[in-house]
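Chain and residue survey
Single-letter residue listing:
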Amino acid sequence: MGLKLSEYGLFRLEGDIRVAGETEEGVYGTRPAPGIPPELRENCGEIEAAAEGRLPSLLEPAQIRGDLHMHTTENRRPGSAR
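Source: prediction; values computed, not measured.

Procedures and definitions
- Residues numbered from 1 in each chain as written.
- Predicted model: local features only at pLDDT ≥ 70, side-chain atom pairs only at ≥ 80, totals over all residues.
- Heavy atoms only, no water.
- Buried < 20%, exposed > 50% of the residue type's maximum accessible area, 1.4 Å probe, protein only.
- Phe/Tyr/Trp six-rings, centres within 6.5 Å; stacked < 30°, edge-to-face > 60°.
- Lys NZ or Arg CZ within 6 Å of the ring centre and 35° of its normal.
- Helix = DSSP H or I, 4+ residues; strand = E, 2+ residues; numbered from the N terminus.
- Lys, Arg positive; Asp, Glu negative; His and termini not counted.
- Salt bridge = Lys/Arg side-chain N within 4 Å of Asp/Glu carboxyl O.
- Polar contact = N/O pair within 3.5 Å; in protein donor to acceptor, adjacent residues only side chain to side chain.
- Contact = heavy atoms within 4.5 Å.

1. Quick notes on unusual backbone geometry
- The phi torsion at Asp16 lies on the positive side, around 50 degrees, for a residue other than glycine.
- For Asp16, a relative accessible area of 43% corresponds to the partly exposed category.

2. A word on the packing of aromatic side chains
- Applying the stated criterion to the full structure yields zero aromatic pairs.
- Across from the ring centre of Phe11, 5.9 Å away, lies the NZ or CZ of Lys4, which sits over that ring.

3. Topic: the side chain of Glu46
- Within the fold, Glu46 resides in helix α2 (residues 46–51).
- Buried and unpaired, Glu46 has no salt bridge, with Arg41 as the nearest side chain of opposite charge at 7.1 Å.
- Here the side chain of Glu46 touches Asn43 through a polar contact of 2.6 Å, landing on its backbone nitrogen.

4. Observations regarding the environment of Leu40
- Here Leu40 shows up in the loop between α1 (24–28) and α2.
- Accessibility expressed as a relative area gives 17% for Leu40, which makes it buried.
- For Leu40 and Leu55, which are 15 residues apart along the polypeptide, the C-alpha to C-alpha distance reads 8.4 Å.
- If we skip the residues at most four places from it in the chain, Leu40 touches Glu46, Leu55, Pro56 and Leu58.

What follows is the structure, encoded as structure tokens:
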């Protein structure tokens, strides 16, 4: 198909015609594989996994039941490792 991607969009090599780039979904819509969420973009096989339908599902806010937050007042002893 001959495409090039830049910060200005996705262009056909022949004629330098822009085919997508207004939105991220538009760019991914030009490919046969589904879009890859930013959280999974690590260059570790996610493109192949998306093409094969093997992307993991992401944690949704409704699945979070709590948050852990704590403080300490313990002081380090002089000479102890940091």
